[in-house]
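In case you want the letters, here they are:
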Amino acid sequence: MVEEIRNTIREQQGKDSGMIFVDPDLEFVNEVAGMSGDSFKKCFQCAACSATCPISPDENPFPRKEMIWAIWGMKDRLIKDPDIWLCYQCNDCSAVCPRTGNPGDVLAGIRNLAFKYYAFPSFMGKWLSDIKYLPLLILFPAILLLLVMGATGHLTIPEGEIVFRKVFPHPWPLDAVFILASLVAAGCAAVGAMRFWNDIRNSPVQRKEGHLTTFGEGISATIKEILQHSRFSECEAGKHRYYSHLLVFYGFLALFLTTSLVCTGLYLFDLQTPLPLLHPVKVLGNLGAAAFLVGICLMIYQRLVAAEKDVGKSSYSDWFFLWLMLTLALTGIFSQVFRLAEIRVLAYGTYFLHLVSVLMLFLYFPYSKFAHLMYRTIAIIHARIPVSVSATTIAADSSSEAA
Ligand code: SF4
Ligand code: SF4
């Protein structure tokens, strides 16, 4: 009741004076400081960062405004700010900041907090952002796979030629576990995505980029931008991060395509695995794995180098995702190497670890840094289709479809 009266008085005073009342969330300020360092509080709003950022638009630029919101502890406004997702943490802005405020790191820290904020169920956001839950996060998929293998009589190391299907058969139980995990993760991710979309549609930060007028135009421009990494390529100080990001992105796409082709072959054409090394699908998979591994190693190296400096800080969420992807790449490559070298125990053991890491990637997608793929895509679409335009054109699109 007291709080209600206080809010009414504030609202009234705000209307009369044109002032905005700020309720600083000190816990949030400390969380940002924990991720990006304390120096962001020294920002004196000179705007050199916004003027330097190659991605920031002229109208309502970032990251200067986010810096003052962070200092004031305006959590609600920052978490729902679509602009934080347009930033690639290249740190061009941090390089020119006269107060060592590291705005690039501040935005990266806020993005990590947003994963937690939009997590569904919410406890998963907490688990993924705290190292003390790491053993649980690893054990859960490992035990799940062991239980399924035990229950279906596959908990032994088979004799004869090393064929992973003998221990982890398609379609049951292997595909069933992974399809179920993907559906659960997709459902939870969809909840977070819808919350985020509703929030940014009502955010005070709205964009009108590219003069796009229909939903379809916005989507195709977004896909083109993601495939080309066009915004990222404009960064200077973090140019090296652009190349490693490209390698990981296209390596992952190649691996995804390989898995899809193998699954289609298994279901529709009774394809027998393992495929010969020179089979086109195998070549695509191995090239993808190599690009993915090189990209991840570069990313880890770049973050380790940055850790020595004051700029380019990495949080636990960053490291969790990077180490998970490295494990994924190494176990995938080495399970093949051990299979070809006919080292039975190592081949099956490494393949089991590979499946655990794939399951972790699927299950924890909505809460880990992997989800930046989803939130950034939504933010770019939002930037391409401003609220006023999207509301009218989407309605027009649907009514013409209905007609
Ligand atoms: S973060 Fe640095 S460059 Fe940006 S407004 Fe603050 S002091 Fe200026
Ligand atoms: S880190 Fe790079 S993309 Fe992000 S605000 Fe700074 S200059 Fe812009």
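What counts and how
- Residues numbered from 1 in each chain as written.
- Chains lettered and ligands numbered in written order.
- Predicted model: local features only at pLDDT ≥ 70, side-chain atom pairs only at ≥ 80, totals over all residues.
- Heavy atoms only, no water.
- Near = heavy atom within 4 Å.
- Helix = DSSP H or I, 4+ residues; strand = E, 2+ residues; numbered from the N terminus.
- Phe/Tyr/Trp six-rings, centres within 6.5 Å; stacked < 30°, edge-to-face > 60°.
- Buried < 20%, exposed > 50% of the residue type's maximum accessible area, 1.4 Å probe, protein only.
- Lys NZ or Arg CZ within 6 Å of the ring centre and 35° of its normal.

Asker: Could you clarify how one ought to interpret the site of ligand 1 in this entry?
Answerer: Lining the immediate environment of ligand 1, one finds 13 residues, of which Cys43, Cys46, Ala47, Cys49 and Cys97 sit closest. Secondary structure elements with two or more residues in the shell around ligand 1: helix H3 (48-52) and helix H4 (64-71).

Asker: Can you walk me through the packing of aromatic side chains in this structure?
Answerer: To describe a pair of aromatic rings, you give the distance between the ring centres and the angle between the ring planes. This structure, assessed with the given rule, holds 24 aromatic pairs. Ring centres of Phe115 and Tyr375 lie 6.2 Å apart, and the angle between their planes is 45°; on these two criteria the pair is classed as tilted. One end of the pair, Phe115, is in helix H7 (residues 103-117); the other, Tyr375, is in helix H16 (residues 372-384), with 260 residues separating them in the sequence. Residue Phe115 is classed as buried on the basis of its relative accessible area of 3%. For the ring pair Phe252 and Phe292, a centre distance of 6.1 Å and an interplane angle of 40° mean the geometry is tilted. A residue pair is termed long-range when its members are at least 10 positions apart, and Phe252 in helix H12 (residues 239-269) and Phe292 in helix H13 (residues 280-308) qualify at 40 residues. On the basis of relative accessibility, which here comes to 25%, the residue Phe252 falls in the partly exposed class. Residue classification places Phe292 among the buried residues on the basis of a relative accessible area of 1%. An aromatic cluster is built from Trp85, Phe115, Tyr117, Tyr118, Phe196 and Tyr375, whose rings are joined through pairwise contacts. Looking at Arg99, its charged tip hangs above the ring of Phe44, at a distance of 5.1 Å from the centre. Just above the ring of Tyr88 sits the side chain of Arg376; from NZ or CZ to the centre is 4.3 Å.

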